[in-house]
Amino acid sequence: MVSPLTKVLIIESDPKGLTELQKIFSVLKNSHQVILAHELVDGINLCEKKRPDIVLLGLELLDSPSSATLSHFSSKIKDIPTVVLADEDSELHALRAVQNGAEAYLIKSGLNVSTVLQTLHQAVWNHKIKSEIEQLHKQNEAVLDSITDGVIVLDSKGRVTSLNKAAERITG
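Summarised in this report is the structure supplied together with it. (Residues numbered from 1 in each chain as written. Predicted model: local features only at pLDDT ≥ 70, side-chain atom pairs only at ≥ 80, totals over all residues. Heavy atoms only, no water.)

### Some remarks on the pairing of strand 2 (residues 32-37)
Heads up, the rule is: A pair of strands is labelled paired if DSSP reports no fewer than 2 bridges between them. Numbered from the N terminus, helices here are DSSP runs of H or I no shorter than four residues, and strands are runs of E no shorter than two. Look down the strands so they point away from you; if going from the first strand over the helix to the second traces a clockwise path, that crossover is right-handed.
Note: strand 1 (residues 6-11) against strand 2, six bridges, orientation parallel. Bridge pairing links threonine 6 to histidine 32 in strand 2. Once the chain exits strand 1 it traverses helix 1 (residues 15-27) before rejoining the sheet at strand 2, and the crossover so formed is right-handed.

### Some words on helix 3 (residues 66-76)
Keep this limit in mind: Exposure is judged per residue with a 1.4 Å probe applied to protein chains only, and the accessible area is read against the type maximum: over 50% gives exposed, under 20% gives buried, and values in between give partly exposed. When we speak of the arc, we mean the arc of directions from the helix axis to the C-beta atoms. By the convention used here, residues are in contact when the closest approach between their heavy atoms is within 4.5 Å.
Within the span of helix 3, buried status applies to Ser66, Thr69, Leu70 and Phe73. With its buried residues spanning 80° around the axis, helix 3 presents them on a single face. Tucked into the core, helix 3 has its buried residues touching strand 1, helix 2 (40-50), strand 3 (54-58), strand 4 (82-86) and helix 4 (91-99).

### Details of the pairing of strand 7 (residues 160-163)
In terms of strand pairing, strand 6 (residues 152-154) meets strand 7 through three bridges, oriented antiparallel. Looking across to strand 7, one finds that valine 153 is bridged to serine 162. If you look at the hairpin formed by strand 6 and strand 7, you'll find five residues sitting between the two strands, and glycine 158 has a positive phi there, around 85°.

### A word on helix 1
Under the convention used in this document: Each residue after the first adds 1.5 Å to the expected span of a helix.
Spanning 13 residues, helix 1 covers 19 Å between terminal C-alpha atoms, matching the ideal 18 Å at 1.5 Å per step. Every buried residue of helix 1 is accounted for by Gly17, Leu18, Leu21, Ile24 and Phe25. For helix 1, the angular spread of the buried residues around the axis is 125°, confining them to a single face. Exposed and facing more than 90 degrees away from the buried side of helix 1 are Pro15, Lys16 and Val27. Against strand 1, strand 2, strand 3, strand 4 and helix 5 (113-146) lie the buried residues of helix 1.

### With respect to the sheet that holds strand 3
Applied cut-off: Simply put, an axis is a line fit to the C-alpha atoms, just over the touching stretch for a helix, and the angle between two N-to-C directions goes from 0 to 180 degrees.
The strand order 2-1-3-4-5 describes an open sheet built from five strands, whose pairing is parallel. Every interior strand has two partners, whereas the edge strands, strand 2 and strand 5 (104-107), have only one. With strand direction ignored, the average angle separating the axes of adjacent strands in the sheet is 25°. As paired elements, strand 3 and strand 4 share four bridges and run parallel to each other.

### Some thoughts on the packing of helix 1 against helix 5
The condition is simple: If an angle is under 35 degrees, it is roughly parallel; if it is over 145, roughly antiparallel; if it lies from 65 to 115, roughly perpendicular; otherwise it is oblique. Basically, the charged four are Asp, Glu, Lys and Arg, the nonpolar ten are Ala, Val, Leu, Ile, Met, Phe, Trp, Tyr, Cys and Pro, and anything else, Gly included, counts as polar.
Remark: helix 1 packs on helix 5, axes separated minimally by 10 Å, with the N-to-C direction vectors making an angle of 80°. For the element pair helix 1 / helix 5, the angle class is roughly perpendicular. Residue-level inspection shows Ile24, Phe25 and Val27 of helix 1 in contact with helix 5, the latter providing Val113, Val116 and Leu120. Class assignment for the residues of the contact of helix 1 with helix 5 results in six nonpolar, no polar and no charged.

The following block contains the structure:
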């Protein structure tokens, strides 16, 4: 049985970075289908239409400053794993992007097939785990809220970390 191609959307304005990525994905053409966008607005539209499995998002795009690219993208697209692409001199922006929701980052000057594949697989895995944790958290909240007794959860230092609805009613 043939496995389906992994759809990768690359949103990148930098011609040099794009050329490097295209070389890498030409080697992976039997396992990855590449969709290209040069501007953020086009990338968001393609995400909605093509539903890629993963997005490689350049931080510095023609229509978006690096400080706003991920937040704007994430406000529109929430359920697709994202790897940010950064220049060597903007690695700090890439690290911030990971802290703000991207699954991983790649430095464009260090790209090779192995690094890209490993990063894509890790990003998809991280995204899956985050989604499962979020789902479990919602289930736990629903269970706690269905209990009619007040439940207060404390951390190891005795600080309140959460209350169910009954505990909120009791404590005011």
